[in-house]
Amino acid sequence: MTPAPSPSPLSFSAAERELIRREFGMHFGSYPSLAEGILLRTWRDGPHKGEPKLPLAVQTMLERGLVEVRADRLWARAFFTEAGLATLRELAADRRFLPPDRYGHLRQELGLGCKTAPSKGET
């Protein structure tokens, strides 16, 4: 048995993969788009009032240049940079990490096509 390849320095950690799955999975019957980014909560009081609250997974991706945080008057969102999108393409190419039946919409947005398993009864 050959050993598993070691992850590249730009690959996502387990916590980051979980955040991606959670944020881009189905919400209220529809799939979110990469263009919408990851919604971040903001501090409502205290010394950081109005600043985005960065979950650890977003913070580590931000430090590595995989996402950037943009804030408008009401919301803050994390958007994937070009490096982040390239890394996300690598992640989506491996069906174990982002199964096409649940994340086909991401594969389509990333230009990988929506290759899902045939449904029962199809050949």
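That block above? That's the structure.
Because the structure is a prediction, the values reported are computed rather than measured. (Residues numbered from 1 in each chain as written. Predicted model: local features only at pLDDT ≥ 70, side-chain atom pairs only at ≥ 80, totals over all residues. Heavy atoms only, no water.)

### Topic: the overall build of the chain
Along its length, the chain carries four helices and three strands. Put simply, the chain runs from its N terminus to its C terminus through helices and strands in the order α-β-α-β-β-α-α. The burial tally for the chain puts 32% of its 123 residues in the buried class. For the chain, the share of sequence-separated contacts (at least 6 apart) that also reach a separation of at least 24 residues comes to 46%. (Helix = DSSP H or I, 4+ residues; strand = E, 2+ residues; numbered from the N terminus. Buried < 20%, exposed > 50% of the residue type's maximum accessible area, 1.4 Å probe, protein only. Contact = heavy atoms within 4.5 Å.)

### Considering the packing of helix α1 (residues 14–24) against helix α2 (residues 56–63)
The contact between α1 and α2 brings their axes to 9 Å, and the two run at 110°. Between α1 and α2, the crossing angle belongs to the class labelled roughly perpendicular. Note on packing geometry: the crossing formed by α1 with α2 is left-handed. Of the residues in α2, those in contact with Ala15, Glu16 and Leu19 of α1 are Ala57, Val58, Thr60 and Met61. Across the contact of α1 with α2, the residue classes break down as five nonpolar, one polar and one charged. (Axes fitted to C-alpha atoms, helices over the stretch in contact; angles between N-to-C directions. Parallel < 35°, antiparallel > 145°, perpendicular 65-115°, else oblique. Left-handed = near helix turned anticlockwise from the far one by under 90°. Nonpolar A, V, L, I, M, F, W, Y, C, P; charged D, E, K, R; others polar.)

### Digging into a nonpolar patch on the surface
The grouping of Leu39, Leu74 and Trp75 at the surface amounts to a nonpolar patch, some 320 Å² of accessible area in total. Within the element layout of this structure, Leu39 appears in strand β1 (residues 38–40). By relative accessible area, which is 41% here, Leu39 ends up partly exposed. (Patch = residues over 30% accessible without salt bridge, like charges linked within 9 Å, V, L, I, M, F, W, Y side chains within 5 Å. Areas by Shrake-Rupley, 256 points an atom, 1.4 Å probe, with all protein chains shown as cover. Salt bridge = Lys/Arg side-chain N within 4 Å of Asp/Glu carboxyl O.)

### Quick word on the packing of aromatic side chains
Evaluation of the coordinates by the stated rule reveals two aromatic pairs. On the numbers, 6.3 Å between centres and 40° between planes, the contact of Phe24 with Phe80 is tilted. Placement of the pair is Phe24 in helix α1 and Phe80 in strand β3 (residues 76–80), with a sequence separation of 56 residues. With respect to burial, Phe24 and Phe80 carry one shared label: buried. Taken together through their ring pairs, the aromatic side chains of Phe12, Phe24 and Phe80 make up a single cluster. Above the face of the Trp43 ring, Lys53 is positioned so that its terminal group lies 4.7 Å from the ring centre. It is Arg70 that lies over the ring of Phe79; its NZ or CZ is 4.3 Å from the centre. (Phe/Tyr/Trp six-rings, centres within 6.5 Å; stacked < 30°, edge-to-face > 60°. Lys NZ or Arg CZ within 6 Å of the ring centre and 35° of its normal.)

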